[in-house]
Amino acid sequence: MYDIIIIGSGCAGMTAAIYACRASMKVLLLESELVGGQIAYSHRVENFPSVEAIDGATFSERLLDQATSFGAEFKFEAVSTLRESENGWTVTTDSGEYEGKAIIIAVGMKRRLLGVEGEEELTGAGVSYCAVCDGSFFANQDVAIVGGGQTALQDALYLADICKSVTLIHRREGFRADETTVRAVKNNPKVKMVLNARVTKIAGESSIEHLEIEDIPSGNITKMPVDGLFVAIGNLPATTPFKDIIELDGEGFVLASEDCHTSKKGIFVAGDCRQKTVRQLTTAASDGSVAALAASEYVRGLSI
Ligand SMILES: Cc1cc2nc3c(=O)[nH]c(=O)nc-3n(C[C@H](O)[C@H](O)[C@H](O)COP(=O)(O)OP(=O)(O)OC[C@H]3O[C@@H](n4cnc5c(N)ncnc54)[C@H](O)[C@@H]3O)c2cc1C
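Analysis parameters
- Residues numbered from 1 in each chain as written.
- Predicted model: local features only at pLDDT ≥ 70, side-chain atom pairs only at ≥ 80, totals over all residues.
- Helix = DSSP H or I, 4+ residues; strand = E, 2+ residues; numbered from the N terminus.
- Rg over C-alpha atoms; globule rule 2.2 N^0.38 Å.
- Contact = placed C-beta atoms within 7 Å.
- Pairing = 2+ DSSP bridges.
- Near = placed C-beta within 6 Å.
- Nonpolar A, V, L, I, M, F, W, Y, C, P; charged D, E, K, R; others polar.
- Expected span 1.5 Å × (residues − 1).
- Buried ≥ 20, exposed ≤ 12 C-beta atoms within 10 Å, placed from the backbone.
- Axes fitted to C-alpha atoms, helices over the stretch in contact; angles between N-to-C directions.
- Domains from an automatic or database assignment.
- Parallel < 35°, antiparallel > 145°, perpendicular 65-115°, else oblique.
- Left-handed = near helix turned anticlockwise from the far one by under 90°.
- Arc of directions from axis to C-beta.

A. Structural detail: the overall build of the chain. When helices and strands are tallied, the chain shows seven helices and 17 strands. In terms of C-alpha radius of gyration, the chain reaches 21 Å, essentially the compact-globule figure of 19 Å for 304 residues. A sequence separation of at least 24 residues applies to 61% of the contacts in the chain between residues at least 6 apart.

Next up, the structure:
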């Protein structure tokens, strides 16, 4: 029996683990994919107070070291569901079941998929969702990137330094990114833009051969040969396993009170998967500490 089970080892979950352990709680931290969460994909973080610059992988390792040094138990297991039990909540993972008096959901965000033919089959064989992780596999090759937000534009610049050519495909004319980045992309001779267009198919057997691109105004489809395709069209909260247990908003973000308590007693939430306006490391850390202290108080209250 754990006092607190934390689901997700991003900045929110790790901070929650640090605070909960320091409040003398017995803590289990469960992670399905990657220690450190989304930030592990970043090649440079410059806006975390007191840390001038750090790469995401090192930041993530330090978080885990700090959380486990205070006594958090870490397991690589994906949580599939939660159910109420006599003493709290039972968490079901791909490997077993664990009981916790309180739960902190800190599952963050998952990448949005294009949802076109060929995407699933060619993921890892030319289709990627992380320019920083996979860009170097396409050195001196022709790649395309889909998206019109800050991430897509920054990724286009990052890839332009590595690849032979980068084609930015965006379904609109304008971008949702800061002016400096937009200007840098427009002025980069290696980046070509295909606007008002969308990818309708990714063709290839064991690797990408070409993309089928629809020009949205005319409906015309053309073939674009590329070696790689990067998808950067945003994220969705990874809250599906909890959708029938706690209250979510229309987009799947968890609704919670100021102290991060959800609609169910004993279940708290922290980080990007919570309904809020700013999704950053600092706000994830803030939620993690608030949720951990509220959950610790809740657990102590159970034994009074
Ligand atoms: C490329 C990139 C660069 C960024 N750069 C910055 C930056 O410079 N500065 C900044 O402040 N922010 C940055 N961000 C945003 C920042 O990474 C997020 O705000 C932060 O990671 C949110 O932390 P989190 O713990 O809420 O969620 P996440 O980091 O998403 O972590 C959630 C974790 O939960 C795990 N998980 C999900 N579902 C389950 C499940 N069912 N069972 C078990 N585990 C599960 C996931 O695998 C993941 O590890 C960046 C994001 C990206 C993608």
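B. Summary view of the sheet that holds strand 10 (residues 165-170). Pairing in this open sheet of five strands is parallel, and the strands run 8-15-9-10-11 from one edge to the other. Strands with a single pairing partner mark the edges of an open sheet, and in this sheet they are strand 8 (127-128) and strand 11 (191-195). Sheet analysis places strand 8 next to strand 15 (residues 228-231), joined by two bridges and oriented parallel. From the neighbouring strand, V127 faces strand 15, where its bridge partner is L229.

C. Inspection of the site of the ligand at higher detail. Among the 34 residues in the neighbourhood of the ligand, the closest are listed as G8, G10, G37, G108 and G271. Looking at the shell around the ligand, its residues break down into 17 nonpolar, 13 polar and four charged.

D. Quick peek at helix 1 (residues 11-22). Over its twelve residues, helix 1 extends 17 Å from the first C-alpha to the last, a length consistent with the 16 Å expected when each residue adds 1.5 Å. Counted residue by residue, helix 1 has eleven buried out of twelve residues, so it is predominantly covered. Along helix 1, the positions that sit buried rather than exposed are C11, A12, G13, M14, T15, A16, A17, I18, Y19, A20 and C21. Buried-residue contacts for helix 1 involve strand 1 (2-7), strand 2 (27-31), helix 2 (56-69), strand 6 (97-105) and helix 7 (281-302). Backbone geometry just downstream of helix 1 places S24 in the positive-phi region, at approximately 65°.

E. Structural context of the environment of A16. With respect to the element layout, A16 can be found in helix 1. Residue class for A16 comes out buried when judged on the 39 C-beta atoms lying within 10 Å of it. Measuring from C-alpha to C-alpha, the distance between A16 and D55 comes to 22 Å, with 39 residues separating the pair along the chain. Those residues in contact with A16 that sit more than four places away from it in its chain are I6, I104, A106, A270, G288, A291 and A292.

F. Structural detail: the sheet that holds strand 12 (residues 197-203). Strand order across the open sheet formed by three strands is 12-13-14, with antiparallel pairing between neighbours. Bordering the open sheet on either side are strand 12 and strand 14 (221-225), each of which pairs with just one other strand. On average, each strand axis in the sheet is inclined to that of its neighbour by 30°, with strand direction left out of account. Two strands pair when backbone bridges link them, and strand 13 (residues 210-215) and strand 14 are joined in this way by five bridges, in the antiparallel orientation.

G. Structural context of the domain arrangement of the chain. Taken as a whole, the chain is organised into domain 1 (2-111 + 235-302) and domain 2 (119-231). Computed from C-alpha coordinates alone, the two centres of domain 1 and domain 2 are separated by 33 Å. Counting residues at the interface gives four residues for domain 1 and four residues for domain 2. The residue makeup of the side of domain 1 that touches domain 2, split by class, is one nonpolar, two polar and one charged.

H. The arrangement of the packing of helix 1 against helix 7 in detail. Orientation of helix 1 relative to helix 7, taken along the N-to-C sense of each, is 40°, at an axis distance of 7 Å. As far as their axial angle goes, helix 7 and helix 1 are oblique. In the packing of helix 1 onto helix 7, the handedness of the crossing is right-handed. Here helix 1 contributes C11, A12, G13, M14, T15, A16, Y19 and A20 to the contact with helix 7, which in turn contributes L281, A284, A285, D287, G288, S289, A291, A292, L293, A295 and S296. In the contact of helix 1 with helix 7, the residues fall into 13 nonpolar, five polar and one charged.

I. Seen up close, helix 2. Between its first and last C-alpha, helix 2 extends 20 Å over 14 residues, near the 20 Å set by a 1.5 Å rise per residue. G56, F59, S60, L63 and A67 are the residues of helix 2 that are buried. When helix 2 is viewed along its axis, its buried side chains cluster within an angular range of 100° and face the same direction. The exposed set on the far side of helix 2, more than 90 degrees from its buried face, consists of D65 and S69. Close packing links the buried residues of helix 2 with helix 1 and strand 2. Once helix 2 finishes, G71 follows within two positions and takes phi at roughly 110°, a positive value.

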